Amino acid sequence: MTSPFELSQKSRSLKPSATVAVTSRALELKRQGVDVISMSVGEPDFDTPPHIKQAAIEAIESGETKYTAVNGIPELREAISAKFSRENGLDYAPDAVTVTSGGKQAIFNAFFALLNPGDEVLIPAPYWVSYPEMVGLTGAVPVEVPTTPQSGFMLDVELLASKITPRTRMIVLNSPGNPTGAVFTPDILRGVAELAQQHGLMIVTDEIYEHLVYDAEQVSIGQFAPEHTLTINGASKAYAMTGWRIGYAGGPRHVIAAMNALQSQSTSNASSISQYAALAALVQHEETHRFIDMARSAYRQRRDVIVRGLNDLGLPTPTPHGAFYVMANTDRIHENELEAARIILDEAKVAVVPGTDFSAPHQVRLSYATSLENIQEVLRRLGQLLA
Ligand code: GLU
């Protein structure tokens, strides 16, 4: 007889998030008193700016503590619509926008609103661990489009085109990308948009790292193929608001409506207090941009230090142009990246994410959203390990 609590096939086939797992392990070790430096989590080390926190305090005090509309408070959807227009050249009316509990829920809702079992979804690799897992949950099939460290992880549009079959329905883009930091050029994006138009494909573009670009141009692909694009973004990375869980999406109204229906049967709405905080971030955008500029220049400096340091240690690391991750080749430590990450954690007390679940063999991901002192200490520890 089977156990009454035998897990579902979907649950058994799901891989838990590697980024979340390593981060939890680092936190646990710290709690036990181990001096671990976490380079694992993709999370700004800066505090949420004061004007954003203040708006949340005011929301609590004035009683904005109840359910909101499923798709978010109207003021926030208006502010997001204005942001898409001002910063991205995208025309999404407030009723073509929805607010979610983090960017992750927007992506999850989008995949469940759009994909059928057997559909194929093209995903440039290395990719963020959650895309293929979420695609798989819908019964659709993730199809990798490889990119290489030698090309700075740039997407090859011809290779992408060669992967299109009669079952292909969607292309997932994430530029600036996690874990590679690659920023796809406007020409590449134009090429992808043309393919989507020729073959009737949808593009789901996750632009959560849009403001974290250093020496590259960030363009929203929705400008090139508006009828084919669903644009995802959120407050976490740009405004240092990971814990507030605010994501959002803009796209064709019927898709947004389907995402809202899904959300009405799961989380109902994003936290009311967090929505008021995100509203302040968007409405007081000049103040918010002063914070973003400060954070961006700190990240750039850290990137330069970590890339130089890792290469000097014999861990080849391409220079990323966006986000706050580097991918280091760890063959000098161990040819298997899972083993390399384990050795780095056990012996150097540095938490990194093995490339395995990003489809990045021989590499580990380090997030440099941490202080310069930590980065220097990490380089020192790795130097000791290698010596
Ligand atoms: N996106 C971040 C990362 O890759 C946060 C963790 C997660 O949700 O995967 O580290």
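As a reminder, the structure under discussion sits directly above these lines.
Read on for a plain summary of the structure. It should be emphasised that the depicted structure is a prediction, and the values quoted were computed from it without experimental measurement. (Residues numbered from 1 in each chain as written. Predicted model: local features only at pLDDT ≥ 70, side-chain atom pairs only at ≥ 80, totals over all residues. Heavy atoms only, no water.)

**A word on the overall build of the protein**
At step 1: What the protein contains, in helices and strands, is 13 helices and 12 strands.
At step 2: For the protein, whose C-alpha radius of gyration is 21 Å, the value lies close to the compact-globule estimate of 21 Å for 387 residues.
At step 3: Taken along its principal axes, the extent of the C-alpha atoms in the protein is 60 × 60 × 55 Å.
At step 4: For the protein, with 387 residues in total, the buried portion stands at 56%.
At step 5: Intrachain contacts of the protein at a sequence separation of at least 6 include 74% that bridge at least 24 residues.
At step 6: Entry remark: accessible area of the protein is about 16,400 Å², with carbon and sulfur atoms responsible for 52%.
At step 7: Taken as two groups, the 31 positive and 42 negative side-chain charges of the protein have centres that lie 4 Å from each other. (Helix = DSSP H or I, 4+ residues; strand = E, 2+ residues; numbered from the N terminus. Rg over C-alpha atoms; globule rule 2.2 N^0.38 Å. Buried < 20%, exposed > 50% of the residue type's maximum accessible area, 1.4 Å probe, protein only. Contact = heavy atoms within 4.5 Å. Areas by Shrake-Rupley, 256 points an atom, 1.4 Å probe, with all protein chains shown as cover. Lys, Arg positive; Asp, Glu negative; His and termini not counted. Charge placed at Lys NZ, Arg CZ, Asp CG, Glu CD.)

**What about the pairing of strand 9 (residues 325-329)?**
At step 1: Counted residue by residue, strand 9 has 4 buried out of 5 residues, so it is predominantly covered.
At step 2: Bridging between strand 9 and strand 12 (residues 363-367) involves 5 bridges; their strand directions are antiparallel. When the sheet's bridge partners are listed, Ala 328 is paired in strand 12 with Val 364. (Pairing = 2+ DSSP bridges.)

**Examining the environment of Pro 354**
At step 1: Its location among the elements puts Pro 354 in strand 11 (residues 353-354).
At step 2: The class of Pro 354 is buried, set by a relative accessible area of 12%.
At step 3: Dropping the residues within four chain positions of it, Pro 354 is found in contact with Val 22, Glu 337, Leu 338, Ala 341, Gln 363 and Val 364.

**A few points about the sheet that holds strand 8 (residues 247-250)**
At step 1: With mixed pairing, 7 strands are arranged side by side in an open sheet as 2-8-7-6-5-3-4. Both edges of this open sheet fall to strand 2 (97-100) and strand 4 (141-146), since each of them pairs with a single strand only. The average angle at which neighbouring strand axes cross in this sheet is 20°, direction not considered.
At step 2: Packing against the sheet, helix 4 (residues 74-88) makes contact with strand 2, strand 7 (229-234) and strand 8, and its axis sits at approximately 115° to strand 2. (Axes fitted to C-alpha atoms, helices over the stretch in contact; angles between N-to-C directions.)

**Comments concerning the site of the ligand**
At step 1: As a structural note, the neighbourhood of the ligand is formed by Thr 19, Val 41, Gly 42, Lys 104, Trp 128, Asn 178, Tyr 209, Lys 237, Tyr 325 and Arg 365.
At step 2: Note that an oxygen atom of the ligand is positioned 2.8 Å from one of the backbone N or O atoms of Gly 42.
At step 3: One of the side-chain N or O atoms of Asn 178 is found 2.9 Å from an oxygen atom in the ligand.
At step 4: Isolated, the ligand exposes 280 Å² of accessible area, and the fraction of that covered by the protein chains is 87%. (Near = heavy atom within 4 Å. Polar contact = N/O pair within 3.5 Å; in protein donor to acceptor, adjacent residues only side chain to side chain.)

**As for helix 9 (residues 253-264)**
Structurally, the α-helix is built with 3.6 residues per turn, so residues lying three or four positions apart point the same way.
At step 1: When the terminal C-alpha atoms of helix 9 are compared, their 16 Å separation across 12 residues agrees well with the 16 Å that a helix rising 1.5 Å per residue should span.
At step 2: Against the buried residues of helix 9 lie strand 2, helix 5 (103-114), strand 7 and strand 8. (Expected span 1.5 Å × (residues − 1).)

**Section: the side chain of Asp 119**
At step 1: Among the secondary structure elements, Asp 119 is positioned in the loop between helix 5 and strand 3 (120-125).
At step 2: Here Asp 119 falls in the buried class, since its relative accessible area comes to 11%.
At step 3: For Asp 119, the contacting residues outside a window of four places in its chain are Leu 114, Ala 140, Val 141, Arg 167 and Arg 169.

**Topic: the packing of helix 11 (residues 285-312) against helix 13 (residues 372-386)**
At step 1: It is the contact of helix 11 with helix 13, at a shortest axis distance of 10 Å, that shows an interaxial angle of 5°. Taken together, the axis directions place helix 11 and helix 13 in an arrangement best described as roughly parallel. For the pair helix 11 and helix 13, the contacting residues are Gln 301, Arg 302, Val 305, Ile 306, Gly 309 and Leu 310 in the first and Leu 372, Ile 375, Gln 376, Leu 379 and Leu 382 in the second.
At step 2: Taken together, the residues that form the contact of helix 11 with helix 13 break down as 7 nonpolar, 3 polar and 1 charged. (Parallel < 35°, antiparallel > 145°, perpendicular 65-115°, else oblique. Nonpolar A, V, L, I, M, F, W, Y, C, P; charged D, E, K, R; others polar.)

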